[in-house]
Structure formats: C-alpha cells, structure tokens
Amino acid sequence: PAGAERFIPDKARSLDDLKQAAPGCRGCELYENATQVVFGRGDAHAKLVMVGEQPGDIEDQKGLPFVGPAGHLLRRAVDAAGIDPGTLYITNAVKHFRFEMRGKRRIHQTPERQHIEACRPWLVSEFALLRPEIVVVLGATAAKALLGPSFRVTRQRGELLPWPDAAQHPDDFRTAPIEGGVEVPPGKLVATIHPSAVLRADNQDIAFNGLVDDLKVVASALS
Ligand code: URA
Ligand code: SF4
C-alpha cells in the first residue's frame with residue numbers, strides 16, 4: 001500500500017503534470033510534518049539531471065530544490081566545471097523534508113530506505129519524461145535510490161558508469177510507469193559527493209575541487 005506510485009497520474013504527459021500531482025502524495029509519512037512538497041525544477045529538455053537527497057530546511061520553506069547553502073555551493077561547482085546551468089534539471093530522491101525538532105530548531109534527518117523507495121516512483125517518472133543523457137547522483141541517498149544499497153560513492157565517484165543492472169526494477173525508468181510507456185534509452189550515470197558534504201568537510205577547498213573534478217567528467221561526456 002505504501003509508496004508514491006498510486007499518486008502519480010496515469011495521464012502525466014509533462015513534468016508540470018507530475019508537479020501538480022505531487023502535493024497530493026501520501027506515499028509515506030513525510031508529508032505530515034513538512035511544509036510542502038519540493039519537486040524537481042529546471043529545463044524540461046535537460047540532457048543533464050542532478051539528483052540530491054531531500055529538500056533541506058530552506059527548500060522546504062520555499063518549495064524549490066537546492067536554494068539553500070548546499071544549492072549555492074552546487075551552483076558554484078557547476079560553473080567551475082563549465083556546465084551550462086541552463087541545460088540542467090535538479091531534483092531529489094525524496095521530495096519531502098525529513099527532520100526532527102530540537103527545541104525550536106528543525107534538524108535534518110537522513111531519509112530511511114523506506115522513504116527512498118516510497119518516493120522513487122516520482123524520480124522514475126521525472127526520468128521517463130526527461131530522458132536524460134547523464135544523471136549525476138549527489139551523495140549516498142541518491143545512490144541508494146538508483147544504484148542499490150551496496151554502491152559506495154567514495155569508491156566509484158567521478159566514473160562515467162552505464163545505467164546499472166542493479167537499478168533494473170519493475171518501475172525502473174526504462175520501463176516508465178507512465179501510461180503510453182515512454183521508452184527511455186539507457187543513459188550514463190556519474191556519482192559524486194553531496195554538496196552538503198563539501199560544506200561539512202575539514203578542508204572545504206579540497207572537497208570542493210573534488211566535486212568540480214567529478215562534474216568535469218560529466219561536462220566532457222555531454223554531447
Ligand atoms: N540538499 C539536497 O539534497 N537537496 C536539496 O534540495 C537541498 C539540499
Ligand atoms: Fe510522497 Fe515522497 Fe513525500 Fe513520501 S516523501 S509523501 S513518497 S512525495
């Protein structure tokens with residue numbers, strides 16, 4: 001019964017159709033405490049799609065992905081790698097903010113496997129409509145959503161990977177759940193660290209340059 005699948009409209013033909021349906025999602029309990037759903041945004045013809053973890057505190061308030069500190073850092077890294085930010089679509093593996101209250105502060109909590117899996121149909125549907133050439137996986141949560149639990153970002157970051165067999169699943173984006181069955185050609189995938197991990201790193205410059213290096217792999221692989 002759990003999962004976003006049944007909240008995704010059969011007749012979704014565009015990202016806007018998905019986006020309009022997303023606020024009605026009750027696929028897991030995270031909608032209960034979050035301010036609002038935070039759907040992906042960007043160029044509907046994007047060749048490049050970046051997948052983060054979940055909205056943060058600021059994203060939850062504004063309703064837009066990557067508009068807080070991690071987003072600013074990501075934007076700088078994209079620029080430094082020579083990627084045109086206009087040809088980008090940015091989204092998250094989980095679409096509602098998961099947090100716990102500490103006093104009056106909302107503290108980020110990493111989503112659990114059940115949240116990642118519940119929310120995955122939205123991500124899959126975004127891919128089905130976007131048909132990205134390259135997907136950039138930002139950090140462990142997005143990697144779990146798309147590459148399975150045994151993938152290690154630290155071991156395989158910055159490598160241009162084929163779309164993995166491990167991600168083959170009945171609702172994998174190659175067999176889109178959207179009516180009309182959009183066939184998605186297998187794209188490539190590059191995993192890298194999450195921009196929030198750069199912000200937390202002991203040496204931010206080194207961590208930032210590492211992120212940029214991985215994104216340069218992406219830039220040179222784009223057609
Ligand atoms: N971190 C994420 O993974 N996604 C956002 O949208 C913001 C911060
Ligand atoms: Fe639905 Fe995802 Fe929000 Fe859970 S986190 S309610 S699955 S949109």
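Residues numbered from 1 in each chain as written. Chains lettered and ligands numbered in written order. Predicted model: local features only at pLDDT ≥ 70, side-chain atom pairs only at ≥ 80, totals over all residues. Heavy atoms only, no water.

Caption draft 1: Representation of the pairing of strand β5 (residues 105-108) in the model. Both strand β4 (residues 99-102) and β5 contribute to a ladder of four bridges, which runs antiparallel. Each residue of the ladder has a partner; that of Glu100, found in β5, is Ile107. Hairpin remark: β4 followed by β5, antiparallel, with two residues in the connecting loop; positive phi at Gly103, about 65°. (Pairing = 2+ DSSP bridges. Helix = DSSP H or I, 4+ residues; strand = E, 2+ residues; numbered from the N terminus.)

Caption draft 2: Molecular detail of the site of ligand 2. All residues adjacent to ligand 2 are Cys25, Gly27, Cys28, Tyr31, Val94, Lys95, His96, Ala118, Cys119 and Trp122. Per-class residue counts for the shell around ligand 2 are seven nonpolar, two polar and one charged. (Near = heavy atom within 4 Å. Nonpolar A, V, L, I, M, F, W, Y, C, P; charged D, E, K, R; others polar.)

Caption draft 3: Structural view of the site of ligand 1. For ligand 1, the full set of nearby residues is Gly52, Glu53, Gln54, Pro55, Gly56, Glu59, Pro65, Phe66, Asn92 and His194. Between ligand 1 and the protein, one listed contact pairs a nitrogen atom with a backbone N or O atom of Gln54 at 3.0 Å. Between His194 and ligand 1, the recorded distance is 2.7 Å, taken from a side-chain N or O atom to an oxygen atom. The cavity that encloses ligand 1 is the largest pocket. Looking at the shell around ligand 1 residue by residue, the classes come out as three nonpolar, five polar and two charged. (Polar contact = N/O pair within 3.5 Å; in protein donor to acceptor, adjacent residues only side chain to side chain. 1 Å grid on protein atoms, 1.4 Å probe; cavity = no way out; pocket = protein on both sides within 12 Å on 5 of 7 lines; lining within 4 Å. Sits in = over half its atoms within 2 Å of the grid points.)

Caption draft 4: Fine view of the packing of helix α3 (residues 69-80) against helix α8 (residues 204-221). Running from N to C, α3 and α8 point in directions that differ by 50°, and their axes come no closer than 8 Å. Judged on the interaxial angle alone, α8 and α3 are oblique. As for the relative orientation of α3 and α8, their crossing is right-handed in sense. In contact with Leu73, Arg76, Ala77, Val78 and Ala80 of α3, α8 contributes Phe208, Leu211, Val212, Leu215 and Lys216. The residue inventory of the contact of α3 with α8, partitioned by class, reads eight nonpolar, no polar and two charged. (Axes fitted to C-alpha atoms, helices over the stretch in contact; angles between N-to-C directions. Parallel < 35°, antiparallel > 145°, perpendicular 65-115°, else oblique. Left-handed = near helix turned anticlockwise from the far one by under 90°. Contact = heavy atoms within 4.5 Å.)

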